[in-house]
Amino acid sequence: MVRTEDRSVGRHVVQFYDHDEELAERVTGYLLGALEGDGVAIVIATEDHRRAFEARLEQAGADLTAARESGAYLAMDVSETVREFLAADRLDQAAFDRVVGSKIRQAGTGGRPVRAYAEMIALLWDHGLVNAAAQLEVMWDELAKRSSFALFCGYRADSVTRDGRLDAFAQVCRMHREVVGAAPPGVPGSSVQGAVRTFALSRDAPAAARHFAAATLRRWGLADLADDVALVVTELAANAVRHAHSGFTVVLSSRPEVVRISVRDASPLPPAGGSGSGPPLPIAPLHGLGAVNAMASHWGAESLGSSGKTVWVELRR
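Here is what the cut-offs are and how they apply
Residues numbered from 1 in each chain as written. Predicted model: local features only at pLDDT ≥ 70, side-chain atom pairs only at ≥ 80, totals over all residues. Heavy atoms only, no water. Helix = DSSP H or I, 4+ residues; strand = E, 2+ residues; numbered from the N terminus. Buried < 20%, exposed > 50% of the residue type's maximum accessible area, 1.4 Å probe, protein only. Areas by Shrake-Rupley, 256 points an atom, 1.4 Å probe, with all protein chains shown as cover. Salt bridge = Lys/Arg side-chain N within 4 Å of Asp/Glu carboxyl O. Pairing = 2+ DSSP bridges. Contact = heavy atoms within 4.5 Å. Phe/Tyr/Trp six-rings, centres within 6.5 Å; stacked < 30°, edge-to-face > 60°. pLDDT = per-residue confidence, 0-100. Axes fitted to C-alpha atoms, helices over the stretch in contact; angles between N-to-C directions. Parallel < 35°, antiparallel > 145°, perpendicular 65-115°, else oblique. Left-handed = near helix turned anticlockwise from the far one by under 90°. Nonpolar A, V, L, I, M, F, W, Y, C, P; charged D, E, K, R; others polar. Polar contact = N/O pair within 3.5 Å; in protein donor to acceptor, adjacent residues only side chain to side chain.

Brief notes about the overall build of the chain
Counting its secondary structure elements, the chain contains 12 helices and 13 strands. Here the chain holds 317 residues, and the buried ones make up 51% of them. Of the roughly 14500 Å² that the chain leaves accessible, carbon and sulfur atoms contribute 48%.

Encoded structure:
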């Protein structure tokens, strides 16, 4: 069994998975960390997933009967839970806080560490309610500002990488602090492919990101663009390490006309320049972003508020 990794105990983590076994392996380790650490494990999932997690927890030695009685383990059905705060495809913030927030706050009474696993956003996504899913991500983040807990979200990779959803997929990646598990592949036969990976702050991170980018493009059959994409990723990753002093998340996507590269870091955008036009970041010819500017068909930066920024680049295929 995969026990919880350091990156799995952050505020907001996401896993894109291909198979239920892959999900169960990692989520079980994550939940077990709460139960073994005198904390509380909360699961909001489908019945099949709850059964899979619980079977693995018991195999690992967890006494779920005792955990339920003591309040250390709480399981909720995802569909029933969502119905309590979703009406006419609209989310009710107050109802979410009453149904979910109250459980999180009660679980953390006395300073107990809380680890929650939830599939509510994935359920909305699967039903085509992508905007509602993004709104729910924000609600979770707002709840995290008032309560201390870790959140693990699970998405099926073939759901988030469908045609027409890759921009929303990139938004999902930007809203999480960490991405775990295998990078989501493109759907077989689809014209859109996506991959994502998070890198911790280190001097070697830009080189690791470069190898990830090059290997991904070759796997997609785009070897002719691999070097250019790797160069762009290296420059953006180096800026994240050198100037933002943070880890970063790389999101790659391929469409029939372009390859898009996004790199998120923890440094907010600087104030806009006086002209109000062009990318809101300084560039120097032939160096750093200057080289990126020369290669890109389009590029820019998006503010994530106090959480940082995303710099994106598009290269024509």
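Read on, since the account is not over.
As for the pattern of salt bridges
Within the structure shown, the criterion is met by 11 salt bridges. Here E25 makes a salt bridge to R56, at a shortest N to O gap of 2.5 Å. In this pair, E25 is assigned in helix α1 (residues 20-36) and R56 in helix α2 (residues 47-59), connecting sequence segments 31 residues apart. What makes R56 buried here is its relative accessible area of 16%. Because the salt bridges share partners, they merge into one network encompassing E21, E25 and R56.

Concerning unusual backbone geometry
One non-glycine residue with positive phi stands out, namely D38, at about 55 degrees. A positive phi angle is found at H245, which is not glycine, with a value near 55 degrees.

A word on the pairing of strand β11 (residues 258-265)
Judged by how many residues are buried, β11 sits mostly within the fold: eight of eight residues are covered. In textbook terms, the turn of a hairpin is the stretch between consecutive antiparallel strands, and for strand β10 (residues 248-254) and β11 this stretch comprises three residues. As paired strands, β11 and strand β13 (residues 309-316) are joined by eight bridges and run antiparallel to one another. Note that in β13 the partner of V263 across the bridge is V311.

Some remarks on the environment of S297
Topologically, S297 is positioned in the loop between α12 (289-295) and β12 (298-303). Separated by 16 residues in the primary sequence, S297 and V313 have C-alpha atoms spaced 7.8 Å apart. Discounting chain neighbours no more than four positions away, the residues touching S297 are E314, L315 and R316.

Brief notes about the packing of aromatic side chains
Applying the stated criterion across every chain yields a total of nine aromatic pairs. Joined through ring pairs, the aromatic side chains of Y30, F53, Y117 and F152 make up one cluster.

Section: the confidence of the model for the chain
Keep in mind that low pLDDT regions are not for reading the predicted coordinates in detail. Across the chain, the average pLDDT comes to 80, with 76% of residues at 70 or higher. pLDDT under 50 marks residues 181-191. Its contacts with residues more than four places away, or in other chains, come to 31 contacts. Taken as a whole, residues 271-279 scores under 50 in pLDDT and shows one contact with residues more than four places along the chain or in a different chain.

Comments concerning the packing of helix α10 (residues 205-219) against helix α11 (residues 223-244)
It is at 8 Å that the axes of α10 and α11 come closest, and there the two elements cross at 155 degrees. It follows that α10 is roughly antiparallel to α11 by the angle criterion. By crossing handedness, the relation of α10 to α11 is classed as right-handed. Contacts between α10 and α11 involve A205, P206, A209, R210, A213, A214, L217 and R218 on the former and, on the latter, A223, L225, A226, D227, V229, A230, L231, V233, T234, A237, A238 and V241. Tallied by class, residues from the contact of α10 with α11 come to 16 nonpolar, one polar and three charged.

Quick look at the side chain of K309
Positionally, K309 belongs in strand β13. Residue K309 is classed as buried on the basis of its relative accessible area, which comes to 9%. A distance of 3.2 Å separates the side chain of K309 from the backbone oxygen of S267, its partner in a polar contact.

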